[in-house]
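Structural overview
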Amino acid sequence: FLTNLDVNQFKASCLVTALSDHDGQLFEILCKSKPTISGQLNKIGRKCNKNDTDRFIKDLKHEQWEHMYYAQSENKYDEFCTTLMYYFEKHFPKVRSRVKIGKTKWVDDEIKSERENLIYLVKHLRKTELGMDSIHKCKKQYKKLIFNKKKKYFDKEIKNSQNVVKTVWKIVNSETKCNFNHGQISLSIENVINSNQVNVCNKFNSYFLEVVERTILPNIVKSGHVTASKPVSDSFPHFRLNQVSENEVLKHINSCKSKLLSGFDEIPIKLIKDSKYVLLKPLTHVINASFITGILIS
């Protein structure tokens, strides 16, 4: 059989017996697993470089978009997305890569020395009263040292950062994610502890839906500030969406920030901006088709 697996990592053996008219067959494959590299994590993602982007734009440039132009109005956007995703998956497939686990950079020789001293005290002096006092003081000093080192390191990171908000959130997430508790939530409902997640969610929903009726409306009625509501008119003012030009669509695309952030389709806005001139015509067609027919894009 054909495979792209490394032959040096596999060993195949085959056994065929013909003791009777019923053959016994055995096929065995042994795989030599690669050793795990410490300090690294496997990550699945997409790589976006200039060469792949150029090939992506080149293919879009030669695309005729026939399926989109001839599709019904309610299907035009889906056809547009299908074609776009085809080329996106073609040039930016998901790949597995190894990412180095960042070490705690604020740990220096002073912290290591203080930690070794604390370990020594715990090991040799914990059984004596004087030793417990020394251990308590050493722990307090060790925590204070860690706090000051981390504060100094994070202040330096924020000061030298080009995006302060992003750096601050990165620090917050790194410091709080390990303390987040994913345990089961329990709630007292009518003096009964309930751990059913559906019941807990429904109770919260009911509370927030009825909180106005229970707390605000009774006070309004008592104060006499209730006013009769005006009847809603059956006729609403009509409005019309004018068709957009390619320049207007281009203006909105340019107004987006060139970031690698993406939505559920995983296409980063930076890639859209890089390929805006080849996407401009079909995208404008989809928008105008929606405005003309009154069928909203969803």
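Definitions and cut-offs
Residues numbered from 1 in each chain as written. Predicted model: local features only at pLDDT ≥ 70, side-chain atom pairs only at ≥ 80, totals over all residues. Heavy atoms only, no water. Helix = DSSP H or I, 4+ residues; strand = E, 2+ residues; numbered from the N terminus. Contact = heavy atoms within 4.5 Å. Areas by Shrake-Rupley, 256 points an atom, 1.4 Å probe, with all protein chains shown as cover. Axes fitted to C-alpha atoms, helices over the stretch in contact; angles between N-to-C directions. Left-handed = near helix turned anticlockwise from the far one by under 90°. Phe/Tyr/Trp six-rings, centres within 6.5 Å; stacked < 30°, edge-to-face > 60°. Buried < 20%, exposed > 50% of the residue type's maximum accessible area, 1.4 Å probe, protein only. Expected span 1.5 Å × (residues − 1). Arc of directions from axis to C-beta. Polar contact = N/O pair within 3.5 Å; in protein donor to acceptor, adjacent residues only side chain to side chain. Patch = residues over 30% accessible without salt bridge, like charges linked within 9 Å, V, L, I, M, F, W, Y side chains within 5 Å. Salt bridge = Lys/Arg side-chain N within 4 Å of Asp/Glu carboxyl O. Core = buried A, V, L, I, M, F, W, Y, C linked by side-chain atoms within 4.5 Å. Lys, Arg positive; Asp, Glu negative; His and termini not counted. Charge placed at Lys NZ, Arg CZ, Asp CG, Glu CD.

Tallying secondary structure elements over the protein chain gives eleven helices and six strands in all. Pairs at least 24 apart in sequence give 58% of the contacts found in the protein chain among residues at least 6 apart. In the form shown here, the protein chain has an accessible surface area of approximately 25300 Å², with 56% of it arising from carbon and sulfur atoms.

With their axes 9 Å apart at the nearest point, helix H9 (residues 246-255) and helix H11 (residues 276-293) run at an angle of 115 degrees to one another. When the axes of H9 and H11 are compared, the crossing they make is right-handed. Of the residues in H11, those in contact with Glu 246, Val 249, Leu 250, Ile 253 and Asn 254 of H9 are Lys 276, Tyr 277, Leu 280, Lys 281, Leu 283, Thr 284 and Ile 287.

Let us now look at the packing of aromatic side chains. Counted under the stated rule, the structure contains six aromatic pairs. For the ring pair Tyr 86 and Tyr 87, a centre distance of 5.1 Å and an interplane angle of 70 degrees mean the geometry is edge-to-face. With relative accessibility at 10%, the residue Tyr 87 sits in the buried group. Ring pairing ties together the aromatic residues Phe 56, Phe 88 and Phe 92, which thus form one cluster.

Here the focus is helix H4 (residues 109-125). Between its first and last C-alpha atoms H4 spans 24 Å; for 17 residues at 1.5 Å apiece the expected length is 24 Å, and the two agree. Of the positions making up H4, those classed as buried are Ile 111, Glu 114, Leu 118 and Leu 121. End-on view of H4: buried residues confined to an arc of 85 degrees, all on one side of the axis. H4 presents Asp 109, Glu 116 and Lys 123 as exposed residues on the side facing more than 90 degrees away from its buried surface.

Let us now look at the side chain of Asn 288. Here Asn 288 lies in helix H11. According to the relative accessible area criterion, Asn 288 is buried, its value standing at 11%. Here Val 244 takes part through its backbone nitrogen, which lies 2.8 Å from a polar atom of the side chain of Asn 288. When residues no more than four places from it in sequence are discounted, the contact partners of Asn 288 are Gln 243 and Val 244.

Further remarks concern a nonpolar patch on the surface. A cluster of nonpolar side chains, namely Val 164, Val 165, Val 168, Trp 169 and Val 172, defines an oily patch on the protein surface of about 430 Å² accessible area. Positionally, Val 172 belongs in helix H6 (residues 164-176).

Here the focus is the nonpolar core. Among the nonpolar cores identified, the biggest contains 15 residues, and Phe 56, Leu 60, Phe 80, Leu 84 and Leu 279 are the most heavily contacted of them. Of all elements in the fold, only helix H1 (50-62), helix H3 (76-91), helix H10 (269-274) and H11 reach the threshold of two or more residues within this core. Among the elements that take part in this core, H3 stands out by supplying four residues, more than any other. When neighbours within four sequence positions are excluded, Phe 56 is seen to be in contact with Leu 84, Tyr 87, Phe 88, His 91, Phe 92, Leu 271 and Ser 275. Leu 118, Ile 135, Cys 138 and Tyr 142 belong to the second-largest nonpolar core, a separate cluster that totals nine residues.

On the surface, Lys 105, Lys 166, Lys 170, Lys 257 and Lys 259 cluster together to form a positively charged patch. The topology assignment puts Lys 166 in helix H6.

Now for the environment of Arg 115. You can see Arg 115 is positioned in helix H4. Residue Arg 115 is classed as partly exposed on the basis of its relative accessible area of 46%. Residues Arg 115 and Lys 143 lie 28 residues apart in sequence; the distance between their C-alpha atoms is 9.9 Å.

Quick look at the pattern of salt bridges now. Counted under the stated rule, the structure contains eleven salt bridges. One salt bridge in this structure joins Glu 246 and Lys 281, with 4.0 Å as the shortest N-O distance. In this pair, Glu 246 is assigned in helix H9 and Lys 281 in helix H11, connecting sequence segments 35 residues apart. Overall, the relative accessible area of 33% leaves Glu 246 in the partly exposed class. Note on Lys 281: relative accessible area 54%, which makes it exposed. One salt-bridge network, held together by shared partners, links Arg 46, Glu 89, Lys 94 and Glu 266.

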